[in-house]
Amino acid sequence: MEGDNVPNIEMECIKGVIFIRFKNEKEINKNYKKISEMIKDNQINNIVFNLKNINKIDRKGIKLLNYNYSLCKRNNGSIYFCNMKKDIENILLKNYLPITNNELTALNLFNI
């Protein structure tokens, strides 16, 4: 999955869960459409977004994360956000997005 489809984003599949790791906040807005298309086209239902390298997030970024959350739910799946800074965690909580501490914890939350 990494490479041509979604540049500048590290992606990995473990036990049917797609882990998406953004390199910086610009990558959320820059590649959201490609990620959303990938979710829709492949009916991906379980995703973990690792936000470790994200220092700030704007309204558009939150809207895009919410949209991908909705796509996973429509595909009868789950999505988690992990490794974020405290201020971003607070923003995600206010938007009722599911968060967890790290990728391993997120992986264990999926019923796989």
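Predicted model only: the values in this text are computed from it and were never measured. (Residues numbered from 1 in each chain as written. Predicted model: local features only at pLDDT ≥ 70, side-chain atom pairs only at ≥ 80, totals over all residues. Heavy atoms only, no water.)

Q: I would appreciate a short explanation of the overall build of the chain in the present structure.
A: When helices and strands are tallied, the chain shows four helices and five strands. Reading the helices (α) and strands (β) of the chain from amino to carboxyl end gives β-β-α-β-α-β-α-β-α. Overall, the C-alpha framework of the chain stretches about 30 × 30 × 20 Å when taken along its three principal axes. When each of the 112 residues of the chain is scored for burial, the buried share is 41%. Nonlocal contacts in the chain, meaning residues at least 24 apart in sequence, comprise 66% of its contacts between residues at least 6 apart. When the accessible surface of the chain is summed, it comes to about 6600 Å², and 44% of that surface belongs to carbon and sulfur atoms. (Helix = DSSP H or I, 4+ residues; strand = E, 2+ residues; numbered from the N terminus. Buried < 20%, exposed > 50% of the residue type's maximum accessible area, 1.4 Å probe, protein only. Contact = heavy atoms within 4.5 Å. Areas by Shrake-Rupley, 256 points an atom, 1.4 Å probe, with all protein chains shown as cover.)

Q: What's the story with the pairing of strand 4 (residues 78-82) in this structure? I'm lost.
A: Along any regular strand the residues' side chains alternate between the sheet's two faces. Most of strand 4 is tucked away: four of the five residues are buried. Bridging between strand 3 (residues 46-50) and strand 4 involves five bridges; their strand directions are parallel. By the bridge assignment, Asn50 is partnered in strand 4 with Cys82. At this point the chain moves from strand 3, through helix 2 (residues 59-74), to the parallel strand 4, and the crossover so formed is right-handed. As for the winding sense of the linkage, the β-α-β connection from strand 4 through helix 3 (residues 86-94) to strand 5 (residues 99-100) is right-handed. (Pairing = 2+ DSSP bridges. Right-handed = clockwise from strand over helix to strand, strands pointing away.)

Q: Explain helix 2 here, please?
A: The α-helix advances 3.6 residues per turn, and as a result positions three or four apart in sequence lie on the same side. For helix 2, spanning 16 residues, the distance from its first C-alpha to its last is 23 Å, which sits close to the expected 22 Å at 1.5 Å a residue. Gly61, Ile62, Leu64, Leu65, Asn68, Leu71 and Cys72 are the residues of helix 2 that are buried. Where helix 2 is buried, its residues touch helix 1 (26-41), strand 3, strand 4 and helix 3. (Expected span 1.5 Å × (residues − 1).)

Q: Just checking my understanding: could you explain the pattern of salt bridges for this structure?
A: Oppositely charged side chains may form a pair once their charged atoms are brought near each other. A full pass over the atoms with the stated rule returns four salt bridges. Across the pair Glu103 and Arg21 runs a salt bridge, and its minimum N-O distance is 2.7 Å. Remark: Arg21 occurs in strand 2 (residues 17-22) and Glu103 occurs in helix 4 (residues 103-109); sequence separation between them is 82 residues. Given a relative accessible area of 17%, Glu103 falls into the buried group. With a shortest N-O distance of 3.5 Å, Lys86 and Glu89 are connected by a salt bridge. Of the two residues, Lys86 and Glu89 are both situated in helix 3; the distance of three residues between them amounts to about one turn of the helix. Take Lys86: its relative accessible area is 55%, and that puts it in the exposed class. (Salt bridge = Lys/Arg side-chain N within 4 Å of Asp/Glu carboxyl O.)

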